[in-house]
Amino acid sequence: MSNGTHFDVLIVGAGISGIGAACHLKARRPGTTFAILEGRDSIGGTWDLFKYPGIRSDSDMPTFGYSFKPWTHPKIIADGHLILDYLRETVTENGIDPHIRFGYKVLAAEFSSSAAHWIITAEHAGTGEQTQFMSRFLFLGTGYYEYESGFTPEFAGVEAFAGQVVHPQHWPENLDYAGKRVVVIGSGATAVTLIPAMAGKTAHITMLQRSPSYILAMPAEDVIANLLNRVLGPRRASRIVRRKNIMLQRTIFKACRRFPRFMRWLLLALVRLQLPKHFDCDTHFSPRYNPWEQRLCFVPNGDLFKAIKSGRASVVTDRIDRFTASGIKLESGQELAADIVVTATGLNMLPFGSIQLSVDGQRLNIPDTIFFKAMMLSGVPNFAFALGYNNTSWTLKVDLVCEHFCRLLDHMDAHGYRTVEPVLDDPDMTRVPANNLKAGYVQRGMGKFPRAGTRGPWIVDHAYEKDVERLREGPVEDSALRFTVATSPARVAS
């Protein structure tokens, strides 16, 4: 069904997840009508929104790219503009452009069991006019970050600072930092990206951190991948390179969890090799937590360490007492002079783009729901979403979810089912957070999200090999899935 506002599937978000869902539908179900509602005026999501210097992937591109479109650029840790070009190519090559409706921010979505469809209310950014769309299925590719604002702690005295304070999520166009003294607050992926990207132009740049993160240098280019691309061609080479990189990612993660003391020693030893002998690595690069309790930060060709060795950048590990007119006063008594302060202090997590979901007039309280196969929610019919991994490439999960989603639609069509709904068959099952990383943004935000279960399809593992078995190779039917047909009220598949 499609007459401009009626579709089989409505996708929210034209970022990497929403584009992936559209491409899978186009390839696997050519008769399915769909549209993408995108709140902004361009595709790309994160990769179009963030404009700060040096923005790049924090995973290798052969696995961060889609399974159906091999990554062919020599860089495996890619700059943001290269990723955006890749997404634009994907949209064009797969004929997705006509399906995207720009400027539509989805406010609410209500499922009607009697009509077996969603009614989606969206507001157009340009006119403020609200439009209703209808679809059989709703697929959310909204990610889990709030796009409106990043996270900035309360800093005493910040109003007295005579310089400029910038959050990376709202990077000013043409910010002039040449010859300026810059302090970057933070030690995560954004901070370690900004430091080397800005160091060549600033008078000096300082990474001010309350506590260190694990940082791993890796080559910017994959010699093996580039060789295989030349010899075998991109499509055949990509299958080999993806397997190699997935195996490497999973091996590092599992080793960190199984042998944390050894991996801590190894990671710190690799850092020491990158820095001068006199550098205080124990203070500035020795985290208080075990490896992979928070994400590892990757630096291509050790660019952060090179900036520090050159003297153009430095690291200070201390706590902020207050801002002053000329910089930042630390609890140790030291004062850092600054013309510009960049608050790389994190993002805010937001479930499902803050869309208000309802079923038959009952507003959903998202934390009361349970993840089913980490792609659907208990008690919510004809609904799916893509949330990537926290310990490997996001898009690996997106591909698996989209494949399974298409299989689910095929199964429903083959049996004449109108609706499908995960039903929690054991209300006493223990519920746990779906993301157990100890990063501040996770700890602040996970209470707003659905919970995970402790058995069966309710478990959220963040384990690619398990999801391959469950989503790609496993059956669609499950004892917890309730299907309905036009002539009967319910059927539980087993």
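Residues numbered from 1 in each chain as written. Predicted model: local features only at pLDDT ≥ 70, side-chain atom pairs only at ≥ 80, totals over all residues. Heavy atoms only, no water.

Chemist: Even after reading the chapter, I still don't get a positive patch on the surface, so can you show me in this structure?
Modeler: A cluster of basic residues, Arg235, Arg236, Arg239 and Arg243, forms a positive patch on the protein surface. Within the fold, Arg243 resides in helix 7 (residues 234–258). (Patch = residues over 30% accessible without salt bridge, like charges linked within 9 Å, V, L, I, M, F, W, Y side chains within 5 Å. Areas by Shrake-Rupley, 256 points an atom, 1.4 Å probe, with all protein chains shown as cover. Salt bridge = Lys/Arg side-chain N within 4 Å of Asp/Glu carboxyl O. Lys, Arg positive; Asp, Glu negative; His and termini not counted. Charge placed at Lys NZ, Arg CZ, Asp CG, Glu CD. Helix = DSSP H or I, 4+ residues; strand = E, 2+ residues; numbered from the N terminus.)

Chemist: How do you make sense of the sheet that holds strand 13 (residues 320–323) when you look at a structure like this?
Modeler: As a general point, the strands of a sheet are linked pairwise by backbone hydrogen bonds and lie either parallel or antiparallel. Read from one edge to the other, the open sheet built from 3 strands follows the order 13-14-15, with strand pairing classed as antiparallel. Strands at the two margins of the open sheet, each flanked by one partner only, are strand 13 and strand 15 (335–337). Along the sheet, successive strands turn relative to each other by an average axial angle of 25°, direction set aside. The pairing of strand 13 with strand 14 (residues 327–330) spans 3 bridges and is classified as antiparallel. (Pairing = 2+ DSSP bridges. Axes fitted to C-alpha atoms, helices over the stretch in contact; angles between N-to-C directions.)

Chemist: I tried to follow the side chain of Asp303 on my own but got confused; where do I start?
Modeler: Among the secondary structure elements, Asp303 is positioned in helix 10 (residues 303–309). A polar contact is formed between the side chain of Asp303 and the side chain of Arg56, at a distance of 2.8 Å. Those residues in contact with Asp303, other than ones at most four positions away along the chain, are Arg56 and Pro196. (Polar contact = N/O pair within 3.5 Å; in protein donor to acceptor, adjacent residues only side chain to side chain. Contact = heavy atoms within 4.5 Å.)

Chemist: Is there a simple way to explain the sheet that holds strand 9 (residues 204–209) in this structure?
Modeler: Spatially, the 5 strands line up as an open sheet ordered 7-16-8-9-12, and their pairing is parallel. Where the open sheet ends on each side, the last strands, each with one partner, are strand 7 (164–166) and strand 12 (313–317). Sheet twist, expressed as the mean angle between neighbouring strand axes with direction ignored, is 20°. Relative to strand 12, strand 9 is paired through 5 bridges, and the arrangement is parallel. The partner of Leu208 across the bridge, within strand 12, is Val316. Running over the sheet, helix 5 (residues 189–199) touches strand 8 (181–185), strand 9, strand 12 and strand 16 (340–343) and is turned about 170° from strand 9.

Keep in mind these values describe shape, not function.
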